[in-house]
Amino acid sequence: MTSFAIVIDKTETTLVRVGYDYLARMGLLIQKELPHRAYVLITDHNVLELYKKEIQTLLTDLSPKGELIALPPGEEQKQIFPVTVIINRLVELGVDRETLIIALGGGVVGDIAGFVAAIYMRGLSLLHIPTTLTAQTDSSLGGKNALDLPGGKNMVGTIRQPQAVFIDLKFLSSLPAAEWQNGLAEVAKYGLLEGGEYFSLLESQSENLRERRLEKLEAVIAGACRIKKNYVEIDEQDRHTRRFLNLGHTLGHALEAASGYAVSHGQAVALGLRGELALSRRLLHLPEAQEEKAQAFLDSLGLPRKASFPLDRKAIVACLKMDKKRESGQVRFILLKNIGQPFLAAGIPEAAILSVIEEIQ
Ligand code: GLY
């Protein structure tokens, strides 16, 4: 098992553990490392169905026995009304500030439980047990949580660090292929941002990643978590360098939104990475040989080169203009000077954006 801490300051520290097949010991580990007066585990019906026995054992191993809240699965739950239902349930259960909230699931469960833990009685302790590759390498770390509004995704939320994130790679064996690809795109993002040894590690592990040989991937996942730790510790509030974690996502989110969310997040981010690499090369920041190396690396992970759906260039550019991270009316892209050297770029000519959309069409 790999363990380390994300340290924001003396009062906000997250213990991160990464290992393979320790769900059966999770209850005892929580009891030892995060003892609380009460526990409420939030999950969804899909995860509960897959891990019913293990979740029951976990709850029974907690003393006093933990309560369970299982949500209907899906992004629609990430809205204000369903969240008020959960909050009322916490009131019924008599939950107070000495309770630990345990979020066991993917990104949606993590967002909802994280939001609830951040606002209920002005804040409860939170443990994430992420079950998807995206949640294990990205969304469970760094304290962001958010709900959707009719006007846009992730429009309401907080940044509040969890007390711990316990990552068990074994969960990933039950992931659907599209979910695995979503996570692979995030892992690839870390390789491109970090370069150096982590990029070489990913290159050497590309077959294990493609074939999902989980027992071989602890160093890959723990490495991604450590890279995220470095960004979060320096810029918890997402004002400057944490934004580098958006590599591939500015264009990726616009592709997703322009398709009416018909395309998977993984495909959108993979194409976003490809497009932003091409944009880096076109604007003469990234040498051609580096772009080819980066594109070949994405190929080695089995990530798509071209969209499997029609790209509406006008709609994509309109969505880019709506990007919630724009500043002074300008869309900001994370581009690369080299593999491992990201920077924030604004004022990108629309013609350059249109031509990279052609390249991924
Ligand atoms: N997912 C990007 C971040 O946590 O900042």
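Residues numbered from 1 in each chain as written. Predicted model: local features only at pLDDT ≥ 70, side-chain atom pairs only at ≥ 80, totals over all residues. Heavy atoms only, no water.

**Focus: the site of the ligand**
So, step 1. The local shell around the ligand consists of Asp138, Lys144, Lys228, Arg242 and Leu245.
So, step 2. Between the ligand and Asp138 there is a distance of 3.1 Å, counted from a nitrogen atom to a side-chain nitrogen or oxygen.
So, step 3. The separation between an oxygen atom of the ligand and a polar side-chain atom of Arg242 is 2.7 Å.
So, step 4. Burial of the ligand by the protein amounts to 84% of the accessible area it has alone, namely 200 Å².
So, step 5. In terms of residue class, the shell around the ligand is built from one nonpolar, no polar and four charged. (Near = heavy atom within 4 Å. Polar contact = N/O pair within 3.5 Å; in protein donor to acceptor, adjacent residues only side chain to side chain. Areas by Shrake-Rupley, 256 points an atom, 1.4 Å probe, with all protein chains shown as cover. Nonpolar A, V, L, I, M, F, W, Y, C, P; charged D, E, K, R; others polar.)

**Looking at the sheet that holds strand E2 (residues 12-19)**
So, step 1. What the seven strands build is an open sheet, ordered E1-E2-E9-E6-E5-E3-E4; its pairing is mixed. In this open sheet, the two strands that pair with only one neighbour each are strand E1 (2-9) and strand E4 (67-71). Looking at each pair of strands side by side, their axes are set apart by 15° on average, direction ignored.
So, step 2. In this structure, E1 lies alongside E2, joined through seven bridges in antiparallel fashion. For Ser3, the partnering residue across the bridge sits in E2 and is Arg17.
So, step 3. The sheet strands contacting helix H3 (residues 52-61) are strand E3 (38-44), E4, strand E5 (99-105) and strand E6 (125-130), and the helix crosses E3 at an angle near 170°.
So, step 4. Helix H4 (residues 80-92) rests against E3, E4 and E5 of the sheet, and its axis sits at about 165° to E4. (Pairing = 2+ DSSP bridges. Helix = DSSP H or I, 4+ residues; strand = E, 2+ residues; numbered from the N terminus. Axes fitted to C-alpha atoms, helices over the stretch in contact; angles between N-to-C directions. Contact = heavy atoms within 4.5 Å.)

**Some points on the nonpolar core**
So, step 1. Among the nonpolar cores identified, the biggest contains 49 residues, and Trp180, Leu192 and Ile221 are the most heavily contacted of them.
So, step 2. For Trp180, the contacting residues outside a window of four places in its chain are Leu133, Leu172, Leu175, Leu209, Arg210, Arg212, Leu214 and Leu217.
So, step 3. In this structure, Ala268, Phe333, Leu335 and Ile348 belong to the second largest nonpolar core, which totals 25 residues. (Core = buried A, V, L, I, M, F, W, Y, C linked by side-chain atoms within 4.5 Å. Buried < 20%, exposed > 50% of the residue type's maximum accessible area, 1.4 Å probe, protein only.)

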